[in-house]
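Geometric and topological summary
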Amino acid sequence: MNVTPGSCTAEMPYGYQPRMRALYIATELVIAVLAIIGNFLVCLAVSRNKELRTVTNYFLVSLSVTDILVGLVAIPCAVLTDLGRPHHDLPLCLVLLSILMVLTQSSILSLVAVAAERYMAILLPFQYQRVMSPRNAQLALLVTWGLGAISGTVPLMNWKRQPANSDYCIFTCVVDMNYMVYFNFFCCLVVPLVAMLVIYGHIFLTVRRQLRRIAVARGTAKDPRAGTDDIGSSFAEGTTGGGADIVTGRQARDEVGKCDGEVRAGEEVESGIGSLIETETTTAFTKPGFRITSAGSAPADPPPRESNEAKSNRRTRQEMRKATSLFLVLFLFMVCWMPIHLINCVLLFCPQCDVPMSLTLAAILLSHANSALNPILYAYRMRSFRYTLIGMWRGMWSVRPKRQ
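All of these numbers come straight from a predicted model, not from anything done at the bench.

Under the criterion given, the structure shown has ten aromatic pairs. Centre to centre, the rings of Phe 333 and Trp 337 are 6.1 Å apart; their planes meet at 35 degrees, and the pair counts as tilted. A residue pair is termed a helical-turn pair when its members lie 3 or 4 positions apart in one helix, as Phe 333 and Trp 337 do in helix H11 (residues 308–349) at four residues. For Phe 333, a relative accessible area of 3% puts it in the buried group.

What follows is the structure, given as structure tokens:
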């Protein structure tokens, strides 16, 4: 999909292919409808279920609002610009092209906010109580949308320097690829993605270390002569690999005592930590050491004879599931948006390389499909959200008025 100055003023840029364009537009419309309906249900579920109104979910709702706007505004704008419209109106063309970039940046910053919130909830629970208040969460949402608007509208700030011979509103004719690659891709996408990968990697390693130490402490407390314990079965969820820590029987008993005391102390801490997955509890680690606290409310009906060790182990597994689900949201975003950015890199660094039009349209569709896939991921991975939707569906049919 190489675009030369001449092709930007041609009668029909890119070589118009009616069948390909018709399939592309139809697919875009399907994605738009699915994105609007799915993400509207996400927002509706959070508004209907008070247990889902947590700080984590505020950021996920922000992400859902972004995806709704992708379906309502960004996709129609993409269809128009794909047809080369509007003609001979560079400022309006840049506005249409900037909308999707603004929404993309807002999505990335919302994901960064989710990762930072999970990091504080797990590793810095006492600071979390002070920092992640509802008011600060609302302020963070305003910042994410403000920064997204600023970074996404950079081409509008320099529109007079855009090529004057762009009669058709074609992305590669109007938007500078230096901006798309160096600023939009490297600075606004790669840097946040690397930061989020580091955050989730730290979370997973910390949770795995705690699970191992709990397993070793429980095993050696039962048998003081045993120095180590096989912990493979204790980490059945989420991660694998690595050897167990070695402690003595006396150290193990001390560790278990510390764990019990911290769990009892942590149960007194109240906060709004939670996610769409499990809203009743959240395990938090004060530091990379062994101490564990709970930053959520206790389950409604806990097992009557469940020990503190079992409680802490169960909550740790729940926290691992939360972090894993949120990481999958990030991973899905990365998979959907990387191809189109890589194509932009090819267009900038290899102008003579030929990128097929079909490949470019497929990459565009994949990036837009991310907005429709997020609600499916929520329903598949997040039980509280799934149960809320099922309850809403059943309630809608059960309250229908009977005919007289």
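Defined simply, a disulfide is a covalent bond joining two cysteines at their sulfur atoms. Taken as a whole and assessed by the stated rule, the structure comprises one disulfide. Across a sulfur-sulfur distance of 1.6 Å, Cys 350 and Cys 353 are joined as a disulfide pair. Looking down the S-S bond of the Cys 350 and Cys 353 bridge, the torsion is 60 degrees, so its handedness is right-handed. A relative accessible area of 15% means that Cys 350 is categorised as buried.

Let's shift gears to the confidence of the model for the protein chain. Scored by pLDDT, the protein chain has a mean of 76; 70% of the residues are at 70 or more. A low-confidence stretch, residues 10–15 stays under pLDDT 50, and its non-local contacts, those more than four residues away or across chains, total 13 contacts. In this model, residues 226–253 is a region of pLDDT below 50 whose contacts with residues beyond four sequence positions or in other chains number 49 contacts.

Quick look at the environment of Asp 176 now. For Asp 176, the position within the fold is in the loop between helix H8 (171–174) and helix H9 (177–222). Classification of Asp 176 as partly exposed rests on a relative accessible area of 40%. For the pair Asp 176 and Leu 348, spaced 172 residues apart in sequence, the C-alpha to C-alpha distance is 9.3 Å.

Our next topic: the nonpolar core. In this structure, Phe 59, Leu 111, Val 174, Tyr 200 and Tyr 378 are the most contacted members of the largest nonpolar core, which totals 83 residues. At 16 residues, the largest contribution of residues to this core is made by helix H4 (residues 90–123). Not counting chain neighbours up to four residues away, the residues in contact with Phe 59 comprise Ser 110, Ala 113, Val 114, Glu 117, Ala 137, Ala 140 and Leu 141.

This part is about the pattern of salt bridges. In this structure the tally under the stated criterion is one salt bridge. Between Arg 118 and Glu 117 there is a salt bridge whose closest N-O contact spans 2.9 Å. Glu 117 matches Arg 118 in its accessibility class, with the two residues each being buried.

In this section: the packing of helix H2 (residues 18–48) against helix H12 (residues 357–381). Interhelical geometry of H2 versus H12 gives an angle of 15 degrees and a closest axis separation of 8 Å. Between H2 and H12, the interaxial angle falls into the category roughly parallel. Read as a crossing pair, H2 and H12 show a hand that is left-handed. Here Met 20, Arg 21, Tyr 24, Thr 27, Glu 28, Ile 31, Leu 34, Ala 35, Gly 38, Asn 39 and Val 42 of H2 come into contact with H12, specifically with Met 357, Ser 358, Leu 361, Ile 364, Leu 365, His 368, Ala 369, Ser 371, Ala 372, Pro 375 and Tyr 378. In terms of residue class, the contact of H2 with H12 is made up of 14 nonpolar, six polar and two charged.

Each value, and the rule that gives it
Residues numbered from 1 in each chain as written. Predicted model: local features only at pLDDT ≥ 70, side-chain atom pairs only at ≥ 80, totals over all residues. Heavy atoms only, no water. Phe/Tyr/Trp six-rings, centres within 6.5 Å; stacked < 30°, edge-to-face > 60°. Helix = DSSP H or I, 4+ residues; strand = E, 2+ residues; numbered from the N terminus. Buried < 20%, exposed > 50% of the residue type's maximum accessible area, 1.4 Å probe, protein only. Disulfide = S-S within 2.5 Å. pLDDT = per-residue confidence, 0-100. Contact = heavy atoms within 4.5 Å. Core = buried A, V, L, I, M, F, W, Y, C linked by side-chain atoms within 4.5 Å. Salt bridge = Lys/Arg side-chain N within 4 Å of Asp/Glu carboxyl O. Axes fitted to C-alpha atoms, helices over the stretch in contact; angles between N-to-C directions. Parallel < 35°, antiparallel > 145°, perpendicular 65-115°, else oblique. Left-handed = near helix turned anticlockwise from the far one by under 90°. Nonpolar A, V, L, I, M, F, W, Y, C, P; charged D, E, K, R; others polar.

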